[in-house]
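Listed below are the residues making up each chain.
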Amino acid sequence: MDDAAPGNQGTGDGDGGSMSRRSVLRTTAGVAGAGLALGAAGSGTASAAESAAAAERVSRTAAPARKGRTMAGVPFERRSTVRVGIIGLGNRGASMIELYLAVPGVRVVAVCDPVKGKAEAAAAKVVGAGQPAPAVYTKGEHDYEKLCERGDIDFVYVATPWDLHFAMARSALLNGKHVGVECPVAMRLDELWTLVDLSERTRRHCVQLENCCYGRNEMRVLRMAHAGLFGELLHGAGAYNHDLRELMFSPTYYEGPWRRLWHTRLRGDLYPNHGFGPVANYMDVNRGDRPVSISSFGTPALGLAEYREAHMPPGDPSWKETYIESDRTVSMVRTAKGRVIRLEHDVSTPHPYSRINSLGGTKGVFEDYPARIYVEPDHKKHQWGDFAAYADWDHWLWKEHSNPPGGHGGMDYVMVFRLMQCMRLGLVPDFDVYDAATWTAPVPLSHLSVKANGAPQEFPDFTRGEWRKARSGVDSERPV
């Protein structure tokens, strides 16, 4: 689920024309540079860390004035073929390119990765799928800017280390492209606000490609929740509990130690999206409810150091690292309607994989890993029921694609298919920049809360009030 670049600006969509790239750069440069890098808190001086936290508090409580118009409910421009540029061809990007090639009406026109061999291998996949050879960008860390400047790209897909997500999404938007980014979309609150503003001003969508929202179980629970089978929703839980110790210390799995290094910088939930996104959909977050605060607590950071002691030879570069990231972070998110969402993150201790994926209401509860359900009046005597008995509630996407290709049980393909379908038919995307910012905000907010001994942190309203309006989301109608 994680990996772990002169042309035309493009035409404006039906909700308004595009801004010039230069004017957007002038007005966003100050915002983008205003916040200090919270990611440096673990390795800088105490005063630098305190300044970073202060900057984040300011950017959190003082929402910038809207510079454009809302992107909620704004459709894509209709097109017969979606022309895609892909940035990042490591573990994630190399697998996802095959899914873009498998969707009808999609053409991969450009690929980018500073590792030349990976870019060339991706280009060979494009040719092997019967498409023209794509343009290849391999000249250094900033060659992605040239890809974004091309006039023959409609959508930019970003699958790179987290540090680079914000800059690449910004470049795509400034060059008139819709952009989809792997999790998380950015690592700082000021960056999230900048992406919200840019999406609104450029009239281009910036979406968080949260594949777990398209899991079969998640989409079934979503439809059941919206149909009222769980009654009035009260609580939910989601997580990314995945033992990554071996992979994070592997010299070959990731392109360098970038993921492990985040454990030297932040203390909170580094990867909330997989757990938060599905539960947010169940509860219509940004579509009738919104998170208002988050309180986070973290355990001591012991797991990575113990693994290093047991498995890494003396002299390995990892011995210079000091880990501060909590082995397990637990966050409690409170919503405007009084609901509670529990988020967990743990990638540095031994345990089976789990995203928890739980939802409860006045009529019953669902819990995943393993999937089980208890709802009245179907179940009695405190005995779990068989979730497979509710297959009729599957989303239409899973009824049409009962055996989809690709990884993670097929949800990667379902996500790509649906996004490309929305672009081809000129539909409103299932989620937008406000969802991307909301699902990612626990990264910096949980860090601040853990440092403050669990003190609640105010959650930004990235929609600027639009959350009060009901609107469609992932629980979509099948297009005619």
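Here, every reference points to the structure presented above.
Residues numbered from 1 in each chain as written. Predicted model: local features only at pLDDT ≥ 70, side-chain atom pairs only at ≥ 80, totals over all residues. Heavy atoms only, no water.

Q: How should the packing of helix 7 (residues 189–202) against helix 15 (residues 433–440) be read in this particular structure?
A: Any two packed helices are characterised by the angle at which their axes cross and by the distance between the axes. Direction vectors running N to C along helix 7 and helix 15 enclose 175°, while the axes themselves pass 9 Å from each other. Viewed along their axes, helix 7 and helix 15 adopt a mutual orientation that is roughly antiparallel. Contacts between helix 7 and helix 15 involve Leu192, Leu195, Val196, Ser199 and Glu200 from the first element and Val433, Tyr434, Ala437 and Thr440 from the second. Here the contact of helix 7 with helix 15 is composed, by residue class, of 6 nonpolar, 2 polar and 1 charged. (Axes fitted to C-alpha atoms, helices over the stretch in contact; angles between N-to-C directions. Helix = DSSP H or I, 4+ residues; strand = E, 2+ residues; numbered from the N terminus. Parallel < 35°, antiparallel > 145°, perpendicular 65-115°, else oblique. Contact = heavy atoms within 4.5 Å. Nonpolar A, V, L, I, M, F, W, Y, C, P; charged D, E, K, R; others polar.)

Q: Quick question: what am I supposed to make of the side chain of Asp394 here?
A: Following the sequence through the fold, Asp394 ends up in the loop between strand 13 (372–375) and helix 13 (396–400). On the accessibility criterion, Asp394 (4% relative accessible area) is buried. A distance of 2.7 Å separates a polar atom in the side chain of Asp394 from a polar atom in the side chain of Arg220. For Asp394, the residues in contact, after removing those within four places along its chain, are Arg216, Arg220, Arg223 and Lys399. (Buried < 20%, exposed > 50% of the residue type's maximum accessible area, 1.4 Å probe, protein only. Polar contact = N/O pair within 3.5 Å; in protein donor to acceptor, adjacent residues only side chain to side chain.)

Q: What's the story with the packing of aromatic side chains in this structure? I'm lost.
A: Remark: the centre distance and the inter-plane angle together describe each pair of aromatic rings, the angle taken between the planes. Inspection of the entire model under this criterion finds 17 aromatic pairs. Between Trp162 and Tyr271, the aromatic rings sit 5.6 Å apart at their centres with planes inclined by 20°, giving stacked as the arrangement. One end of the pair, Trp162, is in helix 6 (residues 162–174); the other, Tyr271, is in the loop between helix 10 (258–261) and helix 11 (273–282), and 109 residues separate them in sequence. Here Tyr271 falls in the buried class, since its relative accessible area comes to 1%. (Phe/Tyr/Trp six-rings, centres within 6.5 Å; stacked < 30°, edge-to-face > 60°.)

Q: Teacher, can you tell me more about the sheet that holds strand 9 (residues 329–335) here?
A: Hydrogen bonds between backbone groups are what pair the strands of a sheet, and the pairing can be parallel or antiparallel. Taken together, the 8 strands give an open sheet; going across it, the order is 13-12-11-7-10-9-8-14, and neighbouring strands pair in mixed fashion. Looking at which strands have only one partner, the edges of the open sheet turn out to be strand 13 and strand 14 (457–458). In the packing of helix 16 (residues 442–451) onto the sheet, the strands contacted are strand 8 (291–298), strand 9, strand 10 (340–346) and strand 14, and the crossing angle to strand 8 comes to about 55°. (Pairing = 2+ DSSP bridges.)

Q: So what exactly am I meant to see when it comes to the sheet that holds strand 4 (residues 155–158) here?
A: Strands sit in the order 3-2-1-4-5-6 across an open sheet of 6 strands; the sheet is parallel. Where the open sheet ends on each side, the last strands, each with one partner, are strand 3 (135–137) and strand 6 (206–208). Between one strand and the next, the sheet's axes are offset by a mean angle of 25°, whatever the strand orientation.

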